[in-house]
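Listed here are the chains, written in short residue letters.
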Amino acid sequence: MSKAKVLLTGGAGYIGSHVAKLLTRNGYEVIIIDNLSSSNPRKIYGKLYKVDLKEEKSVLEILRKERPDIVLHFAAFISVPESLEKPFLYYENNVGNTIKLLSALRKAEINNFLFSSSAAVYGIPDVVPVSEAAELKPINPYGETKVMVEKILRDMAKAQEINYISLRYFNVAGADPEGELGPTYKQPTHLIIRALKTAKGEYPYLEIFGTDYPTPDGTCIRDYIHVMDLAEAHILAMEYLLSTRESLVLNCGYGKGFSVREVVSTVKKVTGIDFKVVETKRRAGDPPVLVADNSKIKKILKWEPKYDSLETIIKNAWHWELKQ
Ligand code: UFG
């Protein structure tokens, strides 16, 4: 049997590009739709259509022409603080354009879909590590957009209008260990990237947003997952969906948390640079602790992370950063 044809929206972005590389390596044919709005890709794995998802007609034409077996939907805005400043932009792009994409999928009779969801759907979870069964109560518009799309997919799947797997990413970080790909955000807000850029001298200091959280050292705790392990989870999820047609929701994290202070000290250790850190007030929309219960993805997909180490994540990201 020939390998599936896979279409990625946002396949030129940070996570999508790593998945595209792994798909290509595994012999899949990769098609990409990306408007290149938030990334400056160095290398694209796949055939690129530079199209915005709001152009539903163009998207439908591509789907009809390429006839992918499955669509992996990465394209979205991803910044929690920005979503609080510009909520409509987030609802319009993350929800509105996903509805347009789903509408095109229906017209083209393509039924298999992988969705990039987020741990932000949990808000401040009652139990940590948080499992997929936990209540969804996001505390920022970004998380709301992911819940809304998940609800649409859940109802469509119930009515047999789609087969989907929703992957709830925890804090994705790191870069391709071979050094070809990495984060290319035009305006990075993520902790590890900002800390590395501070070490490099691009920013005068790194801010720590909030030191009075109910955590052992007072700073927020997150579950940082290496982007290549996340890419591997996509391949497994896709293969599972194509062979079983069973819709699922899966957490993607290591089940271990690190505080902001721990991340900062690991960045200093890996880079060997003691940069300036300024403790400042909390950033709006940040839950104190987000750590995944990953037993479901390990059991169902037999996912075995290969890069489960904060040092490795930061080393790979530093290697990439030094080449920028
Ligand atoms: N932080 C700082 N200083 C910075 C940047 C971040 O102290 O310069 C802190 C934040 O306040 C937060 C932690 O570092 O406590 C992590 O922040 P990030 O911006 O790196 O990531 P988030 O946890 O806000 O969000 C990320 C993704 C979301 C996803 C979420 C899930 O951006 O898409 O992880 O855990 F939903």
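Let me begin by describing the structure that accompanies this report. Remember, predicted model here, so these are calculated numbers, not experimental data. (Residues numbered from 1 in each chain as written. Predicted model: local features only at pLDDT ≥ 70, side-chain atom pairs only at ≥ 80, totals over all residues. Heavy atoms only, no water.)

## Some thoughts on the overall build of the protein
When you go through the protein residue by residue, the secondary structure sums to ten helices and 14 strands. By the compact-globule yardstick of 20 Å for 324 residues, the protein fits well, its C-alpha radius of gyration being 19 Å. Expressed along its principal axes, the backbone C-alpha trace of the protein runs to roughly 55 × 40 × 40 Å. Residue burial in the protein is summarised as follows: out of 324 residues, 55% are buried. In the protein, the share of contacts with a sequence separation of at least 24, taken over all contacts with a separation of at least 6, comes to 78%. For the protein, the accessible surface area stands at approximately 14000 Å², while carbon and sulfur atoms represent 51% of it. A distance of 3 Å separates the average location of the 44 positive side-chain charges in the protein from that of its 40 negative side-chain charges. (Helix = DSSP H or I, 4+ residues; strand = E, 2+ residues; numbered from the N terminus. Rg over C-alpha atoms; globule rule 2.2 N^0.38 Å. Buried < 20%, exposed > 50% of the residue type's maximum accessible area, 1.4 Å probe, protein only. Contact = heavy atoms within 4.5 Å. Areas by Shrake-Rupley, 256 points an atom, 1.4 Å probe, with all protein chains shown as cover. Lys, Arg positive; Asp, Glu negative; His and termini not counted. Charge placed at Lys NZ, Arg CZ, Asp CG, Glu CD.)

## Here we look at helix H4 (residues 87-107)
Since the α-helix advances by 3.6 residues per turn, residues separated by three or four positions end up pointing in the same direction. Relative to the 30 Å expected for 21 residues at 1.5 Å per residue, H4 spans 29 Å between its end C-alpha atoms, a close match to the ideal helical length. Every buried residue of H4 is listed here: Tyr90, Asn93, Asn94, Val95, Asn97, Thr98, Leu101, Leu102, Ala104 and Leu105. Turning to H4, the residues buried within the fold contact strand E1 (5-9), helix H2 (56-66), strand E4 (70-73), helix H3 (80-85), strand E5 (112-118) and helix H5 (141-158). Directly after H4, the chain includes Glu109, whose backbone phi takes a positive value near 55°. (Expected span 1.5 Å × (residues − 1).)

## Here we look at the packing of aromatic side chains
In this description, an aromatic ring pair is defined by two values, namely the gap between the centres and the angle between the planes. Across all of its chains, the model carries four aromatic pairs by this definition. Between the aromatic rings of Tyr122 and Phe170, the centroid separation amounts to 6.3 Å while the plane-to-plane angle is 35°, which identifies the pairing as tilted. With a gap of 48 residues between them, Tyr122 in the loop between E5 and H5 and Phe170 in the loop between strand E6 (163-169) and strand E7 (171-173) connect regions that are remote in the sequence. Of the residues examined, Phe170 reaches a relative accessible area of 5% and is grouped as buried. Sitting over the face of the ring of Tyr45, Lys43 holds its NZ or CZ atom 5.0 Å from the ring centroid. One Lys or Arg, Lys268, reaches over the ring of Phe275 and ends 5.2 Å from the middle of that ring. (Phe/Tyr/Trp six-rings, centres within 6.5 Å; stacked < 30°, edge-to-face > 60°. Lys NZ or Arg CZ within 6 Å of the ring centre and 35° of its normal.)

## Focus: the pattern of salt bridges
A complete count under the given rule lists 26 salt bridges for this structure. Via salt bridges that share partners, Lys21, Arg25, Asp176, Glu178 and Glu180 belong to a single interconnected network. (Salt bridge = Lys/Arg side-chain N within 4 Å of Asp/Glu carboxyl O.)

Honestly, it's all geometry; don't read function into it.
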